[in-house]
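# Reading the structure
The lines below spell out each chain.
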Amino acid sequence: MNNLRLLLLTLSLLSVLSACTTNAKTQYTQSAKTETPEAKAAQSHIQTPIINYKERFLPVVAQHGMVVGAEKLAAEVGMEILRVGGNAVDAAVATGFALAVTYPRAGNLAGGGFMLIHLAEENRQTLIDYREIAPAAATRDMFLDEEGNVDKMREYFSLTSSGVPGTVAGLLYAQEKYGILSRAQVLAPAIALAEDGLIVSFSHYYEINARADQLRKNAEAARLFFKPDGSAYEIGETWRQPDLAWTLSEISKRGADGFYSGAVAQRITDEMKSGGGLITAADLAGYSVVERQPVRGMYKGFEVISTPPPSSGGVHIVQILSILEGYDLQAMGQGSASYVHHLAESMKLAYADRSQYLGDPDYVNVPVAALTDKAYAARQRKRISSSAATPSVEIAPGKLVGDESTDTTHYSVADRFGNVVANTYTLNFSFGSHIAVPGTGMLLNNEMGDFASKPGTANAYGLVQGDANSIEPGKRPLSSMSPTIVLHEGKPWLATGSPGGSVIISTVLQTILNAMEFDMNIATAAAAPRMHHQWLPDELKLEEGFSPDTIKLLREMGHTLDVGNRTTGRTNSIMLENGWLYGATDTRRPGGWVAGY
Ligand code: DON
């Protein structure tokens, strides 16, 4: 039986199963499914222009449910879950497990992330923090060599790179508490994809080959991703993952215990013992998800809701928006030198604060309210010159550089009940530590590198971080992941998020600003050229697409520019307007998909 048929069979089975199980958990369904305000609005707006043919970039439009993600098969798994009666949380969880199979560079079981959920019936939002934690044996200086310098190989490509994984606990927690289908139902498509195999796509082929040298250094990763003769799978060939199917089946049968204790946990700890890794059975058994209040801020009538610490994302998105709110951005014009300058200056101030104040709130006091306070933003705004770049050294002491890197993945989901999910999760680097746990089909994260291994110096994303983010047992490393939902008139209007380490914050910021301030449709908002400044290094990065006049003016203002050398972020977004769902996957990377119906 080919893959697609098996998947379809699984999904039709799910549809039968769902009919039997939806009664058990009706809390997050709506009683009058076709009578939702959105559905009614959709009917009445059918005659109005839904898309505008004057625009160069058009979103994908759907009416009832949508999943936008970095990989087609996984997005379609989520959409099928919606079609057979699941809600947005079921679809998000199914997509998360499916991405672990179809998108191994960032989809994962042994990583971590943040899921932001809008619950329509209760009209509230909640944030599930399933970030990895430092093992009990972790120490502040564990990545320093004899000279006191950071040993980058140990920090990013060893068994000690891994934090205790949170993904399985996080996805299962979300499903159990807010989903309406069963665990077996949301895991079935991922198991089928792993067992039956998937047809190698261009993007999979491209990504594996891009990281082949590092993957081949680990015997188990080489066995997973390459053929027995060591060559890469070709486009169109079938790639099967029986070990991963086994791991997923353990989770399906036993829930979180199927991962955090028992045979899977044993394989993880055996691998740790084989090569100096720190994660023990007690670390795995002790992992717990934290449900937190998201960070919120108002921007000209829009409510922006995003990740709280231990991510820095929400705090700084809100902080930067509050600084920018004091300017007439429309008069400057989107993409003008003045616009880019004011964004860059606001970002410098926020990223400087990040270096000092942000860390795991269960270990350090993070002044979220003070940082997101409008009066603080007004004081910060006074430090910005409208005509000249302020050198970063004058904003705060610091130094250093670093290459931005690698991967994470974000997807957005909306269902016909009005629930919305924005989920970002990661192994940190593309393929994490590039080390696979024998017999499980899983790669390990290298999230320990997100701590300040040596406070005051830059990490792999060039981010300078302070003592607030130093390594401590049980602590969560500071993140930039920013799954974000924007409300308009109290209702979900936009869901978005991005990979990109330090550029996640600037990417999400510009995407929502393009939509809120410049009224761009979500595809245009994603396509517009992006800029990025993170205080240190003191360099303004511009994607290709800014005009030569803008570039010249920015140089004249004193900015050091890095033009066209890289792209910034990769959003997967949904806009909800007048009962319609508008989806856009970023064109900056191949393989993304909008699945809607
Ligand atoms: O949590 C963080 O901020 C990083 N570990 C995310 C890594 C990332 O986005 C890499 N992707 N491009």
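Reading the values: rules and limits
- Residues numbered from 1 in each chain as written.
- Predicted model: local features only at pLDDT ≥ 70, side-chain atom pairs only at ≥ 80, totals over all residues.
- Heavy atoms only, no water.
- Pairing = 2+ DSSP bridges.
- Helix = DSSP H or I, 4+ residues; strand = E, 2+ residues; numbered from the N terminus.
- Axes fitted to C-alpha atoms, helices over the stretch in contact; angles between N-to-C directions.
- Contact = heavy atoms within 4.5 Å.
- Phe/Tyr/Trp six-rings, centres within 6.5 Å; stacked < 30°, edge-to-face > 60°.
- Buried < 20%, exposed > 50% of the residue type's maximum accessible area, 1.4 Å probe, protein only.
- Lys NZ or Arg CZ within 6 Å of the ring centre and 35° of its normal.
- Expected span 1.5 Å × (residues − 1).
- Polar contact = N/O pair within 3.5 Å; in protein donor to acceptor, adjacent residues only side chain to side chain.
- Domains from an automatic or database assignment.
- Buried area = accessible area lost by both parts, 1.4 Å probe.
- Salt bridge = Lys/Arg side-chain N within 4 Å of Asp/Glu carboxyl O.
- Parallel < 35°, antiparallel > 145°, perpendicular 65-115°, else oblique.
- Left-handed = near helix turned anticlockwise from the far one by under 90°.

This part covers the sheet that holds strand β4 (residues 124-130). Strand pairing in a sheet relies on backbone hydrogen bonds, with the paired strands running either antiparallel or parallel. Strands sit in the order β7-β4-β3-β11-β10-β2-β21 across an open sheet of seven strands; the sheet is antiparallel. Edge positions in the sheet fall to β7 (290-292) and β21 (593-596), since each of these pairs with one other strand and no more. This sheet shows a mean twist of 15° between the axes of neighbouring strands, independent of strand direction. Relative to strand β10 (residues 409-414), strand β2 (residues 66-69) is paired through three bridges, and the arrangement is antiparallel. Following the sheet pairing, V68 is matched in β10 by S412. This element, helix α3 (residues 72-83), spans β2, β10 and β21 of the sheet and lies at about 15° to β21. Strand contacts of helix α6 (residues 167-178): β3 (112-119), β4, β7, β10 and β11 (420-426), with the helix running at about 150° to β4, the strand carrying the most contacts.

Glancing now at the packing of aromatic side chains. Applying the stated criterion across every chain yields a total of 11 aromatic pairs. On the basis of an interplanar angle of 65° and a centroid distance of 5.8 Å, the ring pair of F157 and F429 is categorised as edge-to-face. Of the two residues, F157 is situated in the loop between α5 (152-156) and α6 and F429 in the loop between β11 and β12 (436-437); the sequence distance between them amounts to 272 residues. Ring geometry for F225 versus F431: centroids 5.8 Å apart, planes at 75°, classification edge-to-face. With a gap of 206 residues between them, F225 in helix α10 (residues 219-225) and F431 in the loop between β11 and β12 connect regions that are remote in the sequence. The pair F225 / F431 is uniform in exposure class, with both members buried. Ring pairs connect the aromatic residues Y156, F157, F429 and Y461, which therefore count as one cluster. When the ring centre of W593 is taken as reference, the NZ or CZ atom of K72 above it lies at 4.5 Å. For R216, the ring lying beneath its charged end belongs to F226, and the centroid distance is 4.2 Å.

Taking 1.5 Å per residue, 15 residues should reach 21 Å; helix α4 (residues 88-102) reaches 20 Å between its end C-alpha atoms and fits that length. In terms of burial, α4 is a largely internal element, 15 of the 15 residues being buried. N-capping of α4 is provided by N87, with a side-chain oxygen placed 3.0 Å from the backbone N of V89.

Accessible area lost when the parts come together is the quantity often used to give the size of an interface. Looking at the protein, the domain boundaries give domain 1 (3-35 + 75-291 + 414-457) and domain 2 (296-407 + 479-596). Centre-to-centre separation of domain 1 and domain 2, based on C-alpha positions: 27 Å. Facing 32 residues of domain 1, the contacting portion of domain 2 comprises 33 residues. Looking at the side of domain 1 facing domain 2, the largest losses of area belong to F114, Q125 and T424, adding up to 21% of the total buried there. The interface formed by domain 1 and domain 2 includes one salt bridge. The salt bridge involving D407 is made with R105; its shortest N-O contact spans 2.3 Å. Taken together, the links from domain 1 to domain 2 amount to five residue pairs in polar contact (both at pLDDT 80 or more). Broken down by secondary-structure element, the contributors of at least two residues to the side of domain 1 that touches domain 2 are α3, β3, β4, α8 (202-210) and β11.

All right, on to the packing of helix α17 (residues 337-357) against helix α23 (residues 548-556) then. Close contact between α17 and α23 brings their axes to 9 Å; oriented N to C, the two are set at 50°. The orientation of α17 with respect to α23, classified from their angle, is oblique. α17 and α23 meet at a crossing whose hand is right-handed. Where α17 approaches α23, its residues A337, V340 and H341 are matched on the opposing element by T550, L553 and L554.

Time to look at the environment of M272. Among the secondary structure elements, M272 is positioned in helix α13 (residues 262-274). For M272, a relative accessible area of 1% corresponds to the buried category. Residues M272 and S162, 110 residues apart in the sequence, show an inter-C-alpha distance of 9.7 Å. Among residues more than four places away in sequence, those in contact with M272 are L159, S162, G277, L278, I279 and L444.

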